[in-house]
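So you can see what is in the structure, the chains are spelled out below.
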Amino acid sequence: MASRSCANFLDLASGNLLDIPHTPRPLPRVMTVPGIISDLDGYGSNDGDSDVCRERKIIVANMLPLHAQRDRVTAKWCFSFDEDALLLHLKDGFSPETEVIYVGSLKVEIDASEQEEVAQKLLEDFNCVPTFLPHDLHKKFYHGFCKQQLWPLFHYMLPMCPDHGDRFDRVLWQAYVSANKIFADKVREVINPDDDYVWVQDYHLMVLPTFLRKRFHRVKLGFFLHSPFPSSEIYRTLPVRDEILRGLLNCDLIGFQTFDYARHFLSCCSRMLGLDYESKRGHIGLDYSGRTVYIKILPVGVHMGRLESVLNLHSTSAKIKEIQKQFEGKKLILGVDDMDIFKGISLKFLAVEQLLQQHPELQGKLVLVQIVNPARSTGKDVQEAKRETYLTAERINETYGSSNYEPVILIDRPVARYEKSAYYAVAECCIVNAVRDGMNLVPYKYIVCRQGTPYMDKETGMNLVSPPTSMLVVSEFIGCSPSLSGAIRVNPWDTDAVAEALNLAITMPNSEKQLRHEKHYRYVSSHDVAYWARSFMHDLDRACKDHYSKRCWGIGLGLGFRVVSLSPSFRKLSIDHIVSAYKRTTRRAIFLDYDGTVVPQSSIIKSPSPEVISVLSTLCSDPKNTVFIVSGRGRSSLSEWLAPCEMLGIAAEHGYFMRWNESTKWESCNLAADLDWKKVVEPVMRLYTEATDGSNIEIKESALVWHHQDADPDFGSCQAKELMDHLENVLANEPAVVKRGQHIVEVKPQVRFSLSLTHTHTHTHTHT
């Protein structure tokens, strides 16, 4: 039964619930065969008449990469691209012929009377499709569920009490689902489902893939999470955890910044949905209802051209000279962070305070310039973080400063790109001390600016005498940390360690600083945003290559919807066809599995219900029918549970024992009369059972089975592998085989094929 969070949400924002204007100009469908418009999976048709199509990619994000303002004279809306937007930069990873369409919200609210005109203008001039979320919905969706519930949780902050974060609110969750539905509807208005690639960005739109997959079973769909993904212990506290996981699993490719984030996601899928994953030729894949959902691990990069173009500005060079003069004779350390509780700004200040206290010789010579970007959200937590930051800075400056020296300079105002780039270029060391962050590109930008450009070097005199150097002190809890192997990694909570790292950074010999810088610059310059986008789309293309080689069916209600993918030879059984064939035939053989067929797989009660017994008895009473239960269970249990069905045949222990009905004797398959190996196997299994909580041994007449379904998924799987290796060693010379199944390790008699193969060969030879 669907949960309350699932039920009817697919239709929550449809109909007359929300009056969202349609995209004014539908884009033409793709002609895949001359003269034939593809209509696979019931996509429907489109009146587009274009028969020539460029490759298209649809980028879906919370915000469009646009600036918007009203013209003071005409009062009309004017738009321009945001040249600093990541969504705009990723186009560099695509071929020049690729058409990119953006779907998302504007940063300003457009009156309903102007929305149609604005939508037309944005589509024609910018290839952008605005979503126009109603004000109240946007507030609950973005400022409510995204910022007050998802964002803190993904950064390991739990609402332990009302004063420490907001508790789960189902109204906000419904707004999140409704907003995702609107985004999906906008994609549906412009998509060519046979050919377009859809790339969804970040945690704001994690259930959008379910809506798209429900409408287009074979849509080419990728998702990239820019924030951290928390460990299963944190994530499992979310009441709608399954719905969000299933939403992501409706993609073909899911991207993460680091292996840790991917590992946490895979662990959640394993523990909460029972899904297994494996690595295939270097690519991690999850089997989800016959579909393989691939996992990609690749951090985002910076736009080299954009950064270098700012360094080549005259205003940047002038600012560099000004900063050099201001801090002449001093060691400049730089921090650039958003004002929020996870960036660790106050912890950074405490480390500087510790450094000045432990090394008095640095007083008057060391300066930390902290640039504070505007907060992305408002709330009590942000205000408290800001207050603590200012108080700490004031205390340090009062203690160690003087009339002409401040050890901590706090720049809390909008800072132009050229000014920020100038600080990057001059700073001897950059510190990023966040306690949790998805990626954080500040270290990458710092490295590029320290490298400089020929124009900047000529104008400022930097890097002319000696090669460029840089030093990074980065938190081990940010996404870029693993890729910066030359940085000094720190635990931001350990103030002493951070202080020592800063001291090491500013006292390290220039030759070593140069080597570290060169290593970092090689990585950053070769793994830029274009490389990231190109690599992701290449893997998405590979993940979708067999879309049309399988048969697909959509199953599930609400946000539990998924697509089942099966081989082309699979045919869905028709009830009418079965009934017709059943009535026509005079001899019928009916074979039924036990667990999962006669009784539910998850049922604690393993005996069949009276209704099932009645159905089996009715089938067996027809003399035209031969009905068998085929199971891996033991014959004693099956005989007891199915005793009321006197004419029912039973094949127990996978056919090792068989009887035609209750009145006939059990027949055994004498594969191996020697079962002495059981005396060796049972003590070994008992050893692993005692060491693995939740495991148990099933003793059969012909086999022994170790079950770990109720054990911890990771520990149980690890123990099963160890047990299998152990048993294979002790049974090397015994007539038994060890098999690994789903949550089991089974030891059974070895099948000897020599007689049957000889018989088959003789029969074939004689026939010939």
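Residues numbered from 1 in each chain as written. Predicted model: local features only at pLDDT ≥ 70, side-chain atom pairs only at ≥ 80, totals over all residues. Heavy atoms only, no water.

- An unreviewed UniProt entry lists the protein under the name alpha,alpha-trehalose-phosphate synthase (UDP-forming), with Vitis rotundifolia given as the organism.
- The Catalytic activity (unreviewed entry) field of the UniProt record for the protein holds the comment "D-glucose 6-phosphate + UDP-alpha-D-glucose = alpha,alpha-trehalose 6-phosphate + UDP + H(+)". (UniProt positions renumbered as here; feature names shortened; annotations may be inferred.)

## Description of the overall build of the protein
Then, number 1: The number of helices and strands found in the protein is 24 helices and 30 strands.
Then, number 2: Buried positions account for 50% of the 768 residues belonging to the protein.
Then, number 3: Summing over all exposed atoms, the protein offers an accessible surface of approximately 36900 Å²; the carbon and sulfur share of this is 52%. (Helix = DSSP H or I, 4+ residues; strand = E, 2+ residues; numbered from the N terminus. Buried < 20%, exposed > 50% of the residue type's maximum accessible area, 1.4 Å probe, protein only. Areas by Shrake-Rupley, 256 points an atom, 1.4 Å probe, with all protein chains shown as cover.)

## Examining the packing of aromatic side chains
Then, number 1: Throughout the structure, instances matching the rule amount to 25 aromatic pairs.
Then, number 2: Note on Phe-224 and Trp-532: the rings are 5.0 Å apart at their centroids and 85° apart in plane angle, and the pair reads as edge-to-face. With Phe-224 in strand E9 (residues 220-224) and Trp-532 in helix H18 (residues 529-543), the pair connects residues that are 308 residues apart, well separated along the chain.
Then, number 3: An aromatic cluster is built from Phe-141, Phe-145, Phe-168, Trp-173, Tyr-176 and Phe-183, whose rings are joined through pairwise contacts.
Then, number 4: Over the ring of Tyr-294 we find Arg-542, and its NZ or CZ is 4.7 Å from the ring centre.
Then, number 5: Positioned above the aromatic ring of Tyr-582, the side-chain terminus of Arg-588 is 3.7 Å from the ring centre. (Phe/Tyr/Trp six-rings, centres within 6.5 Å; stacked < 30°, edge-to-face > 60°. Lys NZ or Arg CZ within 6 Å of the ring centre and 35° of its normal.)

## Overview of the environment of Tyr-142
Then, number 1: Tracing the chain through its elements places Tyr-142 in helix H3 (residues 135-154).
Then, number 2: Looking at Tyr-142, the relative accessible area reads 13%, which means it is buried.
Then, number 3: Residues Tyr-142 and Ala-179, 37 residues apart in the sequence, show an inter-C-alpha distance of 9.1 Å.
Then, number 4: Those residues within four positions of Tyr-142 in sequence are excluded, and the remaining contacts are Asn-62, Lys-147, His-204 and Arg-376. (Contact = heavy atoms within 4.5 Å.)

## Re the packing of H3 against helix H4 (residues 170-190)
Then, number 1: One can describe the packing of H3 onto H4 by two numbers: an axis separation of 8 Å at closest approach and a directional angle of 115°. Crossing of H3 over H4 shows left-handed handedness. Contacts from Leu-137, Lys-140, Phe-141, Gly-144, Phe-145, Cys-146, Gln-149 and Leu-150 in H3 reach Val-171, Leu-172, Trp-173, Ala-175, Tyr-176, Ser-178, Ala-179, Asn-180 and Ile-182 in H4.
Then, number 2: Its residues assigned to classes, the contact of H3 with H4 shows 12 nonpolar, 4 polar and 1 charged. (Axes fitted to C-alpha atoms, helices over the stretch in contact; angles between N-to-C directions. Left-handed = near helix turned anticlockwise from the far one by under 90°. Nonpolar A, V, L, I, M, F, W, Y, C, P; charged D, E, K, R; others polar.)

## Observations regarding the pairing of strand E22 (residues 588-593)
Successive side chains on a regular strand alternate, one facing one side of the sheet and the next facing the other.
Then, number 1: Two strands pair when backbone bridges link them, and E22 and strand E23 (residues 625-630) are joined in this way by 6 bridges, in the parallel orientation. Bridged to Asp-593 within E23 is Val-630.
Then, number 2: With helix H20 (residues 610-621) bridging E22 and its parallel neighbour E23, the resulting β-α-β unit is right-handed. (Pairing = 2+ DSSP bridges. Right-handed = clockwise from strand over helix to strand, strands pointing away.)

## Let's talk about unusual backbone geometry
Then, number 1: At Asn-463, a residue that is not glycine, the phi angle is positive and equals roughly 60°.
Then, number 2: Here Asn-463 shows up in the loop between helix H15 (454-460) and strand E18 (472-475).
Then, number 3: Taking relative accessible area as the criterion, Asn-463 reaches 24% and is therefore assigned partly exposed.
Then, number 4: Of note, the phi angle at His-654 is positive, near 60°, even though the residue is not glycine.
Then, number 5: By secondary structure assignment, the location of His-654 is in the loop between strand E24 (649-652) and strand E25 (657-659).

## Some thoughts on H20
Then, number 1: Taking 1.5 Å of rise per residue, the 12 residues of H20 would be expected to cover 16 Å, and the 16 Å separating its terminal C-alpha atoms lies within 8% of that figure.
Then, number 2: Turning to H20, its buried residues number three or more, namely Ile-613, Leu-616 and Cys-620. The buried residues of H20 all sit within an arc of 65° when viewed along its axis, so they share a single face. Away from its buried face by more than 90 degrees, H20 exposes Glu-611, Thr-618 and Ser-621.
Then, number 3: Where the residues of H20 are buried, they touch E22, E23 and helix H21 (635-641). (Expected span 1.5 Å × (residues − 1). Arc of directions from axis to C-beta.)

## Some remarks on the nonpolar core
Soluble globular proteins tend to bury their nonpolar side chains together.
Then, number 1: Membership of the largest hydrophobic core comes to 74 residues, with the highest contact counts inside it found for Val-369, Val-473 and Leu-502.
Then, number 2: Ignoring sequence-local partners within four residues, the contact set of Leu-502 consists of Ile-333, Ala-351, Val-352, Leu-355, Cys-429, Ile-431 and Val-473.
Then, number 3: In this structure, Trp-151, Ala-179, Ile-182 and Met-206 belong to the second largest nonpolar core, which totals 73 residues. (Core = buried A, V, L, I, M, F, W, Y, C linked by side-chain atoms within 4.5 Å.)

## Considering the side chain of Arg-218
Then, number 1: Along the chain, the position of Arg-218 falls in the loop between helix H5 (208-215) and E9.
Then, number 2: Among the residues examined, Arg-218 registers a relative accessible area of 10% and is labelled buried.

## Side note on the sheet that holds strand E11 (residues 277-280)
Adjacent strands of a sheet pair through backbone hydrogen bonds, lying either parallel or antiparallel.
Then, number 1: The strand order across the open sheet formed by 9 strands is E7-E6-E3-E8-E9-E10-E13-E12-E11, and the pairing between neighbours is mixed. The two strands at the open ends of the sheet, each matched to only one other strand, are strand E7 (128-130) and E11. Each strand axis lies, on average, 25° off the axis of its neighbour in the sheet, ignoring direction.
Then, number 2: Sheet topology places E11 next to strand E12 (residues 283-288); 4 bridges connect them, and they run antiparallel. Each residue of the ladder has a partner; that of Lys-280, found in E12, is His-283.
Then, number 3: Packed onto the sheet, H4 meets strand E3 (56-63), strand E6 (99-105), E7 and strand E8 (197-201) and runs at close to 160° relative to E3.

## Section: the sheet that holds strand E27 (residues 696-699)
Then, number 1: Spatial ordering of the open sheet is given by E27-E28-E30-E29, a layout of 4 strands whose pairing is antiparallel. One side of each edge strand has no neighbouring strand; the edge strands of this open sheet are E27 and strand E29 (736-741). Within this sheet the neighbouring strands show an average axis-to-axis angle of 15°, counted without direction.
Then, number 2: Of the strand pairs in this sheet, E29 and strand E30 (residues 744-749) are connected by 6 bridges, and their pairing is antiparallel. Bridge pairing in E30 places Val-737 opposite Lys-748.

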